[in-house]
Amino acid sequence: MRWILVTFVALCVFSSTIPWLQKLGIGRLPGDINFKIFGKEVHIPIASTVLIATVILLIGKFI
């Protein structure tokens, strides 16, 4: 249950910082969803969130 909450919070953070993160290549991975609805662009970086969470988990295990 805790990981679902952490993933949701990370998804919200990455969604709000997506323009800056796209310069680094985050948000354009296969599995990230980008679409327009009512003239507004919506970004849902699912694959990027999983990738970053995995990297943070691995760093946390080795520290």
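What counts as what
- Residues numbered from 1 in each chain as written.
- Predicted model: local features only at pLDDT ≥ 70, side-chain atom pairs only at ≥ 80, totals over all residues.
- Heavy atoms only, no water.
- Pairing = 2+ DSSP bridges.
- Helix = DSSP H or I, 4+ residues; strand = E, 2+ residues; numbered from the N terminus.
- Buried < 20%, exposed > 50% of the residue type's maximum accessible area, 1.4 Å probe, protein only.
- Polar contact = N/O pair within 3.5 Å; in protein donor to acceptor, adjacent residues only side chain to side chain.
- pLDDT = per-residue confidence, 0-100.

K.L.:
Mind showing me how you'd approach the pairing of strand 2 (residues 40-44) here?
P.N.:
Side chains on a regular strand alternate between the two faces of the sheet. As defined by bridge partners, strand 1 (residues 33-37) adjoins strand 2 across five bridges and the pair is classed as antiparallel. When the bridges of strand 2 are listed, Ile 37 appears paired with Lys 40. Taking the residues that link successive antiparallel strands as the turn, the strand 1-strand 2 hairpin has two residues, and the phi of Phe 38 there is positive, at about 55°.

K.L.:
Help me understand unusual backbone geometry in this model?
P.N.:
Generally, phi is negative for residues other than glycine and the peptide bonds are trans, each holding for most cases. Positive phi outside glycine occurs at Phe 38, with the angle close to 55°. Position of Phe 38 among the secondary structure elements: in the loop between strand 1 and strand 2. What makes Phe 38 exposed here is its relative accessible area of 84%.

K.L.:
Quick question: what am I supposed to make of the side chain of Thr 49 here?
P.N.:
For Thr 49, the position within the fold is in helix 3 (residues 46-62). Only 2.6 Å separates the side chain of Thr 49 from the backbone oxygen of Pro 45, close enough to count as a polar contact.

K.L.:
In this structure, what is going on with the confidence of the model for the chain? I would like to understand it.
P.N.:
Regions with low pLDDT carry predicted coordinates that are not meant to be interpreted in detail. When pLDDT is averaged along the chain, the result is 82, and 98% of the positions lie at 70 or above. Between the elements of the chain, mean pLDDT differs from a low of 75, seen in helix 2 (residues 18-22), to a high of 90, seen in strand 1.

K.L.:
Can you help me understand the environment of Ser 16 in this one?
P.N.:
Along the chain, Ser 16 falls in helix 1 (residues 2-16). Overall, Ser 16 belongs to the exposed group, its relative accessible area being 56%. Residues Ser 16 and Gly 27 lie 11 residues apart in sequence; the distance between their C-alpha atoms is 11 Å.

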